[in-house]
Amino acid sequence: MKTRRFVLILLLAPSLIFAEVEEILTDLLIVGATESGWAAAVQAARGGGESITIVHDGKWYGGQFTEQALACVDENKGVGKVGWGVDWHPMKRSFHRSGLFKELMDKIEGQNTEKYGSPMPGKPWHGPSTFRPAEAEAMFRLMIQPYVDSGQIQVIWDHYPVGAEVVDSKLKGVSFAKLGTDKKNLRVQAKLTIDASDWGDVIQVAGAAYEFGPDPANRYGEASAAKDLSEIPRNEMNPITWTMIVEQSDGETPIPKPPRYDDRNYPRSTGLGRKEFAGLKWDSLKSGLGGILHWPAAGKASSRQLSVYSVRRIVDGYKSKDGKTSILLCYMNGQDYPLERLPQPVIDALEKTEAGASQKNIVEMTRAQREIIFQDAKQHSLGVLYHLQNFVHERAKDKTNSFRSFHLSEEFGTEDNLPPKPYIREGLRMKAMYMMREQDGRNRDGETKEKAKVRFANVMYPDALFPWQFHYDFHRTGRTYLSDEGAGGPWIDYQKPNRHTKFMSDRSVFPLRSLIPEKMDGLLGAQGNVGFSSIVSAAIRLHDQRIQIGQAAGATAAVALLANVQPREMVYDRAKLEAIRDELCEEREGAIPALIWPFRDLAADHVNFVAINRLAALGVLPLESREVDFHPDDPADKSWRQEVLKDSGVSEGFDLKPESRGVFCQRVWGKIQALGWDGFELERKSKQDADGDGILDRDDALLFTPNKPIVFKIVESKPTPDTDGIPDGNLAQNKPIHFYNFCGPQVQLNKGEIADMGQAFAEGRGFGWERDLGKNYRVRGRVDGPRDSFVFTRGQDMWQCSLENGRYRVTVCIGDSVHGQLGQNILIEGKVVAKNTDTAAGQFQEMTAIVEVRDNHLTVTLGKSAGGSNTAINWLAIEKLP
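Criteria and cut-off values
- Residues numbered from 1 in each chain as written.
- Predicted model: local features only at pLDDT ≥ 70, side-chain atom pairs only at ≥ 80, totals over all residues.
- Heavy atoms only, no water.
- Pairing = 2+ DSSP bridges.
- Helix = DSSP H or I, 4+ residues; strand = E, 2+ residues; numbered from the N terminus.
- Axes fitted to C-alpha atoms, helices over the stretch in contact; angles between N-to-C directions.
- Buried < 20%, exposed > 50% of the residue type's maximum accessible area, 1.4 Å probe, protein only.
- Contact = heavy atoms within 4.5 Å.
- Parallel < 35°, antiparallel > 145°, perpendicular 65-115°, else oblique.
- Nonpolar A, V, L, I, M, F, W, Y, C, P; charged D, E, K, R; others polar.
- Salt bridge = Lys/Arg side-chain N within 4 Å of Asp/Glu carboxyl O.

Asks: Describe the sheet that holds strand β14 (residues 406-408), naming the residues involved and giving the relevant values.
Replies: The strand order across the open sheet built from four strands is β12-β13-β11-β14, with neighbouring strands paired in antiparallel fashion. Each edge of the open sheet is held by one strand with a lone partner, namely β12 (313-315) and β14. Each strand axis lies, on average, 30° off the axis of its neighbour in the sheet, ignoring direction. Two strands pair when backbone bridges link them, and strand β11 (residues 244-248) and strand β13 (residues 326-329) are joined in this way by four bridges, in the antiparallel orientation.

The following block contains the structure:
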């Protein structure tokens, strides 16, 4: 990096003003030390970058982890039972942690263990991993510091972009001013720039194309997008939230009453407020109230439970080494700050800065205008804490864990003890080479996530760089006021049409094209400034996803700089695309390779992790949409291996021998590396339409595969005889000697059925459970026959029936006609029949085992000792075999 200083003499009557401007020449400029900017810098430095400059409008690394204080980790989640997840939540961690995210979390959790006695000391209701923001920032700093010390990276704090130099649609440099001023004092010239800022600052000053706010349906053809934007305010966005970190005090430490405070702003904050304010009349009819428990009673605080106190608890003081509880206050029942229909005092303040400023989208506001909104959002959040410490405290019967004995953490070093920045869910969206759309990845098993089953996305982009999965997570975007007081009075937020959490994605991947501007060279997007629609942005905003975006951008930059090409050229160049994947998956000392393909069961420490990843991304592994587990240690089937060899073009001289799927992939990958990429060239039929299918590249999800436009439609999977829950004809003809219907007392039985209602085993009756499960039955009243009811286990339970010794065919049916049931397990006479088996709502799974009874009792084991999920048994049929 080269640094020069210039003195500019500006003639302004009646005096001369001297302004010194520092100029830096660098290879890679990264604007924003957010988690994405940090990851981009570390990855680029590991890739050999020698001249990397970070410029940040603050003093901390880490973005939403630290400056925004989102101290309870949210990460990729989906349906299924693999990975951590609270019992009630239908979504579980989708993939094993990998790459820089895993490296960071390992360090954070190691620090937690040393200081608090546990890697996950909070036991929050929402997510497993928590941390104190300042302590997490120390881990960000620890990981990047070796590259700062080596001179590869330099960091300039407290500066923000104010201008850009663009020549022939190529970004050449960015000018900056110091926070608190608007005078340029720094100019950075760079071969390539990554915009990892909070609000797309570089994209805006450079004049690159971008979007913000809701997309109309006719823009990207999204099923849940608004058909008409005329009634949607231009400033509607996923809301911001000013989070708070509070820690336990030795006595009562109430905060001062915030300006314009009104208890009626917080009817949803707890169940106590909901009761008191239920009669309030709001000017939106869709403002239904909710409310959760304020805090647990004495002696009941440490369990994982839903309350304001424990939903995002960072450290459980009752169990930690230091004996002090700390809590992240960030929950949607009262703390979120919508960005439409602003309060009148905020409107008045904005209009004083510029006519029409109150109608601008926050993305396009000046820093001073945003600050007006930020100050009001701060006061609204402080109002939540004041409400808990006073209104709720006064009405709570048990005050043991009251927030009145908590104070705001001083770890941020701010005057108000609040984080430096709000939590930002949605910002600017760069107009990229490809804009990811809802229909590419939205689950197609049903309208909402309740019917979703594990599967890969409908579109798996050919230029995939990392996996992601989440629901399209919109907090309440609307604001409603009391009918008789208007915008000058109290308000609450409310849910607007299709801006909710009911739709979810499948296991998806993120394309290289969405990091690259549609037209401008010399620039890459990162953080939230990338190519996706508003709807998709709501599903790609989590802690791990933002680090993955940054790591991908850093790898792209490293390869582009080394090859001296623009990133857009690499989309169509197989060798360079694979070079980016090389960087992401490089097995360097002390580094963890990154996952590219969204396998559920592939851990980063598996010996064949990289080979499997790379072959999947290359498209040479035959994968069905539901085959989300790769089973790397299972024996490799001969026909499967032959198909892989055919698609990979390395069959000549390749010997087939008994080996695992993972080891086989390792050998195939090794041969591809030896031969090079000549057999995998990306054919480009024209500059605008690579595959010649009539869909221009900017709108073509499958860039090199001729296809029709992608549209969202539900794919109704017709039940098979094994999934309809109906005893099939063969079973009826064979006339089982026993047919047990697991049901309730009100169920009318068919001829020959025996009712099991969860009773404990009795010799006189001849069947039953190891313990009484008489309260664990459900009758849904939705479908006909024995599939409509079930008995369920939460942990592991055993069912038996008296039976003569001999060989039997036993068929069992599991499922639920109303709800999805995840992670079900059944053993019959020790034979595994169901292992972590999921059934969607209204779907069933029938399974058969041939067993031998030797002790005059058929034994069926249901569930697993660790608990965490239901196993719902509908019926069981027993047939005698010769």
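Asks: Tell me about the side chain of S175, and please be specific about residues and values.
Replies: By the element assignment, S175 lies in strand β8 (residues 170-178). Residue classification places S175 among the buried positions, given a relative accessible area of 9%. Other than its neighbours up to four places away in sequence, S175 contacts Y160, P161, V162, G163, K184, L186 and R187.

Asks: Quick one: what's the story with the sheet that holds strand β31 (residues 857-863), residue by residue and with numbers?
Replies: Taken in spatial order, the five strands of this open sheet run β23-β26-β31-β28-β29, and their pairing is antiparallel. This sheet does not close on itself; its edge strands, each paired only once, are β23 (767-769) and β29 (831-839). Taken pair by pair, the neighbouring strands of this sheet meet at an average axis angle of 15°, ignoring direction. Where strand β26 (residues 796-802) meets β31, seven bridges bridge the pair, whose relative direction is antiparallel. Considered in β31, the bridge of S802 is made with H857.

Asks: Describe the packing of helix α1 (residues 35-46) against helix α2 (residues 99-116), naming the residues involved and giving the relevant values.
Replies: Look at α1 against α2: their axes get within 11 Å of each other, and the N-to-C directions meet at 110°. In terms of orientation, α1 and α2 fall into the roughly perpendicular class. Contact residues: W38, A39, V42, Q43 and R46 in α1; L100, E103 and L104 in α2. Among the residues making up the contact of α1 with α2, the classes are represented as five nonpolar, one polar and two charged.

Asks: Give a description of the pattern of salt bridges that names residues and reports values.
Replies: Throughout the structure, instances matching the rule amount to 62 salt bridges. As a salt-bridge pair, R588 and E583 come within 2.6 Å of each other at their nearest N and O atoms. The class of R588 is partly exposed, set by a relative accessible area of 22%. The shortest N-O distance in the salt bridge between R600 and D629 comes to 2.6 Å.

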